[in-house]
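Survey of secondary and tertiary structure
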Amino acid sequence: MAEALKAGRALELRPLRLHDARALSVLVDANRDRLRRWLPWPDANRSVRDSRDYILRMRALARTGLGQSYGLWWKDRLVGVAGFNWIDRANQTAAIGYWLAEEAEGQGLMTAAVAALLRHGFRTLQLNRIEIRAGVRNRRSRAIPVRLGFRHEGTLRQAERLADRWVDHAVYGLLAAEWAGR
Ligand SMILES: CC(C)(COP(=O)(O)OP(=O)(O)OC[C@H]1O[C@@H](n2cnc3c(N)ncnc32)[C@H](O)[C@@H]1OP(=O)(O)O)[C@@H](O)C(=O)NCCC(=O)NCCS
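Structure report, in brief.

The rules behind each value
- Residues numbered from 1 in each chain as written.
- Predicted model: local features only at pLDDT ≥ 70, side-chain atom pairs only at ≥ 80, totals over all residues.
- Heavy atoms only, no water.
- Helix = DSSP H or I, 4+ residues; strand = E, 2+ residues; numbered from the N terminus.
- Rg over C-alpha atoms; globule rule 2.2 N^0.38 Å.
- Buried < 20%, exposed > 50% of the residue type's maximum accessible area, 1.4 Å probe, protein only.
- Contact = heavy atoms within 4.5 Å.
- Areas by Shrake-Rupley, 256 points an atom, 1.4 Å probe, with all protein chains shown as cover.
- Lys, Arg positive; Asp, Glu negative; His and termini not counted.
- Charge placed at Lys NZ, Arg CZ, Asp CG, Glu CD.
- Pairing = 2+ DSSP bridges.
- Phe/Tyr/Trp six-rings, centres within 6.5 Å; stacked < 30°, edge-to-face > 60°.
- Lys NZ or Arg CZ within 6 Å of the ring centre and 35° of its normal.

This brings us to the overall build of the protein. From N to C terminus, the protein includes four helices and eight strands. Of the regular secondary structure in the protein, the N- to C-terminal order runs β-β-α-α-β-β-β-α-β-α-β-β. Relative to the compact-globule value of 16 Å for 182 residues, the protein shows a C-alpha radius of gyration of 16 Å, a close match. With the principal axes as the frame, the protein shows a C-alpha extent of 40 × 35 × 30 Å. Out of the 182 residues belonging to the protein, those deemed buried represent 47%. A separation threshold of at least 6 residues defines the contact pool for the protein, and within that pool the share at least 24 residues apart is 60%. Just so you have it, the protein exposes about 9,900 Å², and 48% of that area is on carbon and sulfur atoms. Positive and negative charge centroids in the protein, built from 32 and 19 side chains respectively, lie 3 Å apart.

Another aspect to go through is the sheet that holds strand E1 (residues 5-6). Overall, mixed pairing links the eight strands, which are arranged E1-E2-E3-E4-E5-E6-E8-E7 in an open sheet. In this open sheet, the two edge strands, each paired with only one partner strand, are E1 and strand E7 (151-161). Sheet topology note: the strand E5 (residues 93-100)/strand E6 (residues 129-135) ladder contains four bridges and is parallel. Among the inter-strand pairings, Ala94 is bridged to a residue of E6, identified as Ile130.

For any pair of aromatic rings, the description rests on two quantities: the centre-to-centre distance and the angle between the ring planes. In the structure shown here, the tally under the stated rule is two aromatic pairs. An angle of 55° between the planes, with centres 5.8 Å apart, marks the rings of Trp41 and Trp99 as tilted. Here the residue Trp41 occupies a position in the loop between helix H1 (21-35) and helix H2 (48-63), and Trp99 occupies one in strand E5, the gap between them amounting to 58 residues. Residue Trp99 is classed as buried on the basis of its relative accessible area of 9%. For the pair Phe122 and Trp179, a centre-to-centre distance of 5.3 Å together with 40° between the ring planes defines the contact as tilted. Highlighted residues: Phe122 in helix H3 (residues 109-124) and Trp179 in the segment after strand E8 (166-175), separated in sequence by 57 residues. Overall, the relative accessible area of 7% leaves Phe122 in the buried class. Its guanidinium or amino end placed over the ring of Trp166, Arg161 lies 5.4 Å from that ring's centre, counting from NZ or CZ.

To continue, consider the pairing of E7. Looking at chain direction, E7 and E8 are connected through seven bridges and run antiparallel. If you follow Thr155 over to E8, its bridge partner there is Ala170. Linkage of E7 to E8, two consecutive antiparallel strands, is achieved through a turn of four residues.

If you want it as structure tokens, here you go:
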């Protein structure tokens, strides 16, 4: 099991455990309408069993070193999820994804969580490149890589099919040599 990552005094990233399935399911239920605007999976995750299945899939990825998903615990409450959606060992590259509960937005929590993932990715996992993709109109999501010094590398047209539309992705990349925490 991967270790937990600290992101400031009150925020911790803990690898998701089966035990977290109920809390995760409650959080997805409460946020489904806003999450489905930018993510493809909220309509397919409607029960504790669905959250369990997600955690099992992410644990299998983690065992093979191909991904790692963390619950964001803020003042000991689960408020979101962030992690490496995929890790490409051969090319020392990974992609970060994230979402936050509405009541936890607007306080810099996700920026702090992604900064902790960058430290872990560049230092412990020895990555050379970390990528974030966000819908071109997803202002809050795009602001995170910008705050953390990523470079905007371009646009992938119709990169993702959401419930009601195609979404273009803005691609942000950060190289180990550019990372301010070096
Ligand atoms: C994307 C998402 C995680 C961004 O959440 P967020 O709360 O805006 O991001 P942060 O937690 O980093 O907080 C940044 C906000 O806190 C403010 N803030 C306060 N203190 C801060 C600090 N110390 N550091 C950085 N920002 C701080 C910032 O000004 C910003 O608010 P603003 O946009 O009103 O200016 C969230 O909107 C979300 O989950 N959306 C739905 C799912 C989604 O789109 N996922 C991404 C798919 S690519």
